[in-house]
Amino acid sequence: MEIDIYEEEQKIYDEAAARVLEIKNGAHFDFAEYAKLTKEYGGILKQLRRITRITDRTARGLHENNLDLTDKVHYDALTGIYNRRFMEDNLKRIIKTLSRSAGSELSVLMMDIDFFKKYNDTYGHSEGDICLKAIAETITECLLRPDDFVARYGGEEFVVILPNTDESGARVMANKILANIQAKNIPHEKNEVASCVTTSIGITTSEVKRGQEGSAYIKRADEALYVSKQNGRNRYTFIELKGEEV
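This text gives an overview of the structure that appears in the document. (Residues numbered from 1 in each chain as written. Predicted model: local features only at pLDDT ≥ 70, side-chain atom pairs only at ≥ 80, totals over all residues. Heavy atoms only, no water.)

1. Topic: the overall build of the protein chain
Threshold: Only runs of H or I of at least four residues qualify as helices and only runs of E of at least two qualify as strands under DSSP, and these elements are numbered from the N terminus. Using a 1.4 Å probe on the protein chains alone, a residue whose accessible area is under 20% of its type maximum counts as buried, one over 50% counts as exposed, and one in between counts as partly exposed. Only heavy atoms enter the contact rule, under which two residues are in contact if any of them lie within 4.5 Å. Note on areas: Shrake-Rupley, 1.4 Å probe, and residue coverage restricted to the protein chains presented here.
In terms of regular secondary structure, the protein chain is built from 7 helices and 6 strands. Mapped in sequence order, the helices and strands of the protein chain form the string α-α-β-α-β-α-α-β-β-α-β-α-β. For the protein chain, the residues scored as buried account for 37% of the 246 residues in total. Pairs at least 24 apart in sequence give 68% of the contacts found in the protein chain among residues at least 6 apart. In the form shown here, the protein chain has an accessible surface area of approximately 14800 Å², with 51% of it arising from carbon and sulfur atoms.

2. Digging into unusual backbone geometry
Phi at Asn 185 takes a positive value of approximately 55°, unusual for a residue other than glycine. Mapped onto the fold, Asn 185 is located in the loop between helix H6 (167-184) and strand S5 (199-207). At Arg 233, a position not held by glycine, the phi torsion is positive, near 65°. Looking at where Arg 233 falls in the secondary structure, it is placed in the loop between helix H7 (214-230) and strand S6 (236-238).

3. Looking at the packing of aromatic side chains
To keep things clear, this is the line we draw: For this analysis, a ring pair means two rings from Phe, Tyr or Trp (six-membered ring only for Trp) whose centres lie within 6.5 Å, classed as stacked if their planes differ by under 30 degrees, edge-to-face if by over 60, and tilted for the remaining angles. Lysine and arginine charges are scored as sitting over a ring when NZ or CZ, respectively, is within 6 Å of the ring centre and within 35 degrees of the ring normal.
Under the counting rule described, the total for this entry stands at 6 aromatic pairs. Aromatic side chains Tyr 82 and Phe 149 sit 5.6 Å apart centroid to centroid with 85° between the ring planes, which places their arrangement in the edge-to-face category. Of this pair, Tyr 82 sits in strand S1 (residues 82-83) while Phe 149 sits in strand S3 (residues 149-154), placing them 67 residues apart in sequence. Given the relative accessible area of 23%, Tyr 82 is considered partly exposed. Its relative accessible area of 6% is what places Phe 149 among the buried residues. One aromatic cluster is present, built from ring pairs that chain together Tyr 75, Tyr 82, Phe 86 and Phe 149. Against the face of Tyr 153 rests Arg 84, its NZ or CZ located 4.0 Å from the ring centre. Lying across the ring of Phe 115, Arg 233 places its NZ or CZ 4.2 Å from the centre.

4. Some words on the side chain of Asn 90
To keep things clear, this is the line we draw: By the criterion applied in these results, polar contacts are pairs of N or O atoms within 3.5 Å in which, for protein atoms, one can donate a hydrogen and the other can accept it, and in which residues neighboring in sequence qualify only through two side-chain atoms.
Tracing the backbone through its elements, the reader meets Asn 90 in helix H3 (residues 84-98). Here the side chain of Asn 90 touches Arg 93 through a polar contact of 2.8 Å, side chain to side chain.

5. A word on helix H4 (residues 116-123)
One turn of the α-helix equals 3.6 residues, which is why residues spaced by three or four share an orientation. For the record, the criterion: Taking the helix axis as origin, the arc is that swept by the directions to the C-beta atoms.
Buried within H4 are the following residues: Phe 116, Tyr 119 and Asn 120. Buried residues of H4, viewed axially, fall in a sector of 95°; they line one side. Structural note: H4 exposes Lys 117 and Asp 121 on the side pointing more than 90 degrees away from its buried face. Where H4 is buried, its residues touch strand S2 (105-113) and helix H5 (125-142).

6. Quick word on the pairing of S2
In plain terms, the rule: Strand pairing requires that DSSP identify at least two bridges connecting the strands.
The buried count for S2 comes to 8 of 9 residues, which makes it a mostly enclosed element. Of the pairings in the sheet, the one linking S2 to S5 comprises 9 bridges and is antiparallel in character. Paired with Val 108 across the two strands is Thr 204, which belongs to S5. In this sheet, strand S4 (residues 157-163) lies alongside S2 in antiparallel orientation, the contact comprising 7 bridges.

7. As for H7
Put simply, the test is: What a helix is expected to span follows from its residue count: subtract one and scale by 1.5 Å.
The terminal C-alpha atoms of H7 lie 25 Å apart, and with 17 residues this matches the ideal 24 Å at 1.5 Å per residue to within 8%. Every buried residue of H7 is accounted for by Gly 214, Ala 216, Tyr 217, Ile 218, Arg 220, Ala 221, Ala 224, Leu 225 and Ser 228. Buried residues in H7 make contact with H3, S2, S3, S4, S5 and S6. The first or second residue beyond H7 is Gly 232, which carries a positive phi of 120°.

8. Regarding the nonpolar core
To keep it simple, the criterion reads: Residues belong to a common nonpolar core when they are buried Ala, Val, Leu, Ile, Met, Phe, Trp, Tyr or Cys residues joined through side-chain atoms within 4.5 Å.
With 29 residues, the main nonpolar core has Leu 109, Ile 135, Ile 139, Phe 158, Val 160 and Ile 177 as its most contacted residues. Residue assignment for this core shows that the elements contributing at least two residues are S2, H4, H5, S4, H6 and S5. Top contributing element to this core by residue count: H5, with 7 residues. Judged by nonpolar contacts, the second largest core, of 21 residues, contains Phe 86, Ile 94, Leu 98 and Ala 151.

In C-alpha cells:
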C-alpha cells in the first residue's frame, strides 16, 4: 500500500500537538514517546527532502529540455544555421525595429548553389549534404557583425539578412561570399561555369518604412537571383526594392 508522506507528516504533527495539550493539562511527559515521535518525524523530513531534490532535478531537466527544443526549432538540422521559420520571424522583427529610425536600410541576399542537382547526381546525396554544410559554414564566416545572419531557405537556397546595410555594403558582402565559396575549391565536374562549386546571388536593398513586409525583400532578392542565373551564374545581381513596391 502506497504511503502518503504528507498525510503521515500531518498525522505525526497532530499526535504531537495532542500530547502537548495533554501535558499542559497535567498528563505525564513520556520521554520514550517523545523520542519515538521525533524519530518518526525526522524520517518523514528526510523523505520530503529527498522528494524535493528529485522534483528540483526533474524541473531543471524539463526546463533545460524545453530550452533545447526551443533552440532546435530555430535551426536547420543539417547545416546548423538558422532555418526559414526563424529567418521569416526575425526579419519581421528587424523591419519593425529599423522602421523606427529614419533612413535605416536593410539588405537581403538570396543565393543558391549552381547546378546542385547535378552535384548530387554525380557525387551522391551524402556528399551533397557535406557540400551544403561547407557552404553554410563559409557564408557564416563572411558575416562579422552580430546582427547579420544566414539561414537555409530550403534545398540548396540560402538567405543572408544584413540590417543597417546599404547597396554598397551588400555588394561588398556578395563579392566576398562568391570569392570565399570558390576559394573552398569543392570539386564539381558537372558545373557548367567552373570546375568547383559556385553560387549565384540576388541582392535587394531598401530604406525601411513602417508597414513593410519581409516577403517583399525576399521576392525582390529572388528575382535578382533569377537574373544572375540567366546571365551565366557564379555572379550577383542587384535590384533595388522601391518604396512603392512594399
